[in-house]
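Coordinates in review
Chain by chain, the residues:
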Amino acid sequence: MRNDKKCTCGKRNKIFCPVCSKIKMVILLKNGNEHLQIIKGDRVINPVWYSILKYNRYDYNRITEKMEEAFRKSPLFSAANCLQFYLTDNRTHCIKKVRL
């Protein structure tokens, strides 16, 4: 379980890290907002946020609430349809889904 406050994978990220963060949040966009998707090679993916490293010591519910609260203040909020939360250890099973 990741309970460190700092990045331990060697990437030396200070705030969040795709490997060391405990939670991954995928932002599912509304129709017509395809311009906000990210192009990685030949794939187009939805935006992804990772939990802040200093929150790794908290339980999943508290982390997801903090991430949702921060997202509601972001400019992407009006373009989003749904938020899906995953553990970074198990990226195939959604642990929480929030419809906006």
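Before going into details, it helps to say that this report is about the structure given with it.

About the criteria used
- Residues numbered from 1 in each chain as written.
- Predicted model: local features only at pLDDT ≥ 70, side-chain atom pairs only at ≥ 80, totals over all residues.
- Heavy atoms only, no water.
- Helix = DSSP H or I, 4+ residues; strand = E, 2+ residues; numbered from the N terminus.
- Rg over C-alpha atoms; globule rule 2.2 N^0.38 Å.
- Buried < 20%, exposed > 50% of the residue type's maximum accessible area, 1.4 Å probe, protein only.
- Core = buried A, V, L, I, M, F, W, Y, C linked by side-chain atoms within 4.5 Å.
- Contact = heavy atoms within 4.5 Å.
- Disulfide = S-S within 2.5 Å.
- Phe/Tyr/Trp six-rings, centres within 6.5 Å; stacked < 30°, edge-to-face > 60°.
- Lys NZ or Arg CZ within 6 Å of the ring centre and 35° of its normal.

A tally of helices and strands in the chain yields one helix and six strands. Starting at the N terminus, the α and β elements of the chain follow one another as β-β-β-β-α-β-β. Its C-alpha atoms give the chain a radius of gyration of 14 Å, near enough to 13 Å, the size a compact globule of 100 residues would have. Expressed along its principal axes, the backbone C-alpha trace of the chain runs to roughly 40 × 30 × 25 Å. When each of the 100 residues of the chain is scored for burial, the buried share is 35%.

By the element assignment, Leu53 lies in the loop between strand 4 (48-50) and helix 1 (60-72). Separated by 38 residues in the primary sequence, Leu53 and Ile15 place their C-alpha atoms 5.8 Å from one another.

Here we take up the nonpolar core. Within the largest apolar cluster, 15 residues are counted, with the highest numbers of intra-cluster contacts made by Met25, Ile27, Ile63, Met67, Phe71, Leu83 and Phe85. Of all the elements in the fold, those that place two or more residues in this core are strand 1 (23-29), helix 1 and strand 5 (80-87). It is strand 1 that contributes the most residues to this core, four residues altogether. Every residue in contact with Met25, bar those within four places of it in the chain, is listed here: Pro47, Val48, Trp49, Met67, Phe71, Leu83, Gln84 and Phe85.

As enumerated under the stated definition, the model contains zero disulfides in all. No disulfide involves Cys9; its nearest neighbouring cysteine sulfur is the one of Cys7, lying 3.5 Å away. Owing to a relative accessible area of 33%, Cys9 belongs among the partly exposed residues under this scheme. In this structure Cys82 is a free cysteine whose sulfur lies 7.5 Å from that of Cys94, the closest cysteine sulfur available.

Turning to the packing of aromatic side chains, a few remarks are in order. A complete count under the given rule lists three aromatic pairs for this structure. By way of ring pairs, the aromatic residues Trp49, Phe71 and Phe77 are connected into one cluster. Of note, Arg62 hangs over the ring of Tyr58, and the distance from its end group to the ring centre comes to 3.9 Å.

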